[in-house]
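Observations on chain architecture
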Amino acid sequence: MKRLTVLSFFSVLVVFTAIVSGAVQAQESDDFTLPPEYVAQVPLSSAGSRIQDISRDNNLTGLVGIRLDNENSAVLVHWHGKVPSEISDFIASSDVTITVVSVPYSREELLAEINRITETRKHESVTINGIGINRTFDGIQVRFTTDGKQSRTEQIQAAKTAITSDIPLTFEVKEALMPFRDRWDDKDPFYGGAA
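Figured I'd write up the structure that's included with this text.

**Thoughts on the overall build of the protein chain**
Across its full length, the protein chain carries 6 helices and 7 strands. Each helix and strand of the protein chain, ordered N terminal to C terminal, gives the series α-α-β-β-α-β-α-β-β-β-α-β-α. Within the span of the protein chain, comprising 195 residues, buried residues form 30% of the whole.

**As for the sheet that holds strand β1 (residues 63-69)**
Strand order in the open sheet formed by 3 strands is β1-β2-β3, and the pairing between neighbours is mixed. Strands with a single pairing partner mark the edges of an open sheet, and in this sheet they are β1 and β3 (97-102). Each strand of the sheet is rotated relative to its neighbour by a mean of 20°, with strand direction disregarded. Inspection of the sheet shows strand β2 (residues 74-79) paired to β3 by 6 bridges, in the parallel sense. In the strand pairing of β3, Trp79 is matched with Ser102.

**Structural notes on helix α3 (residues 85-93)**
Where α3 is concerned, the buried positions are Ile87, Phe90 and Ile91. In an axial view of α3, the angular spread of the buried residues amounts to 100°, which keeps them on one side of the axis. Exposed and oriented more than 90 degrees from the buried face of α3 are Asp89, Ala92 and Ser93.

**Points about the pattern of salt bridges**
Scanning the model with the defined rule gives 6 salt bridges in all. A salt bridge links Asp53 to Arg56, with the nearest nitrogen and oxygen atoms 3.3 Å apart. Residue Asp53 and its partner Arg56 are both found in helix α2 (residues 36-57); the two are separated by 3 residues, about one turn of the helix. Arg143 is paired through a salt bridge with Glu172; the nearest N and O atoms lie 3.3 Å apart. Taken together, the positions of Arg143 in strand β6 (residues 140-146) and Glu172 in strand β7 (residues 169-173) put the pair 29 residues apart, joining distant regions of the chain. In the salt-bridge network here, residues are joined through shared partners; they are Asp53, Arg56 and Asp57.

**Quick notes on helix α4 (residues 107-117)**
Every buried residue belonging to α4 is among Leu110, Glu113, Ile114 and Ile117, and all of these are buried. Axial view of α4: buried residues confined to an arc of 105°, hence all on one face. Taken together, the buried residues of α4 touch β1, β4 (122-123), β5 (126-133), β6 and β7.

Definitions and limits used
- Residues numbered from 1 in each chain as written.
- Predicted model: local features only at pLDDT ≥ 70, side-chain atom pairs only at ≥ 80, totals over all residues.
- Heavy atoms only, no water.
- Helix = DSSP H or I, 4+ residues; strand = E, 2+ residues; numbered from the N terminus.
- Buried < 20%, exposed > 50% of the residue type's maximum accessible area, 1.4 Å probe, protein only.
- Pairing = 2+ DSSP bridges.
- Axes fitted to C-alpha atoms, helices over the stretch in contact; angles between N-to-C directions.
- Arc of directions from axis to C-beta.
- Salt bridge = Lys/Arg side-chain N within 4 Å of Asp/Glu carboxyl O.
- Contact = heavy atoms within 4.5 Å.

Structure below.
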């Protein structure tokens, strides 16, 4: 079994090396060009990564999230509390437009509230299918389905009644979660996959 695991690891490594070297060769050839929107996003992504690194390396706790504003070629840094000098110094020296957006809750507060809400997946007739910090990092997004036949408006009202929080919640009706295909689908005679 150990020998099989080692062989599998080396097989994956060989395939990965082939993919990477193919990508490098493609980039070096004259026919390969990245779409301009990818090229424009590279400095934004690098600046966002650098802010995350500075925050991690200096044990800073205010970073809640980072978004790339591609339309305006800017990085939005969602920060809770006073922005420390390490971050403001980097922003001042950056060639990229970086805007700090003040948010009312820390990442820890948002995650703690998500954990509280998801202690149980089912709240009355509402079943949570997904939950996370919203894309503006100032609240929580809840995706759910409900029992019975109701309009979307009724479903959202049921969710607002069943799930409450001091942190702003937004609700989105989603279909019930479907299990992944069974391994049986990948074996002859493929009855499961055909169904």
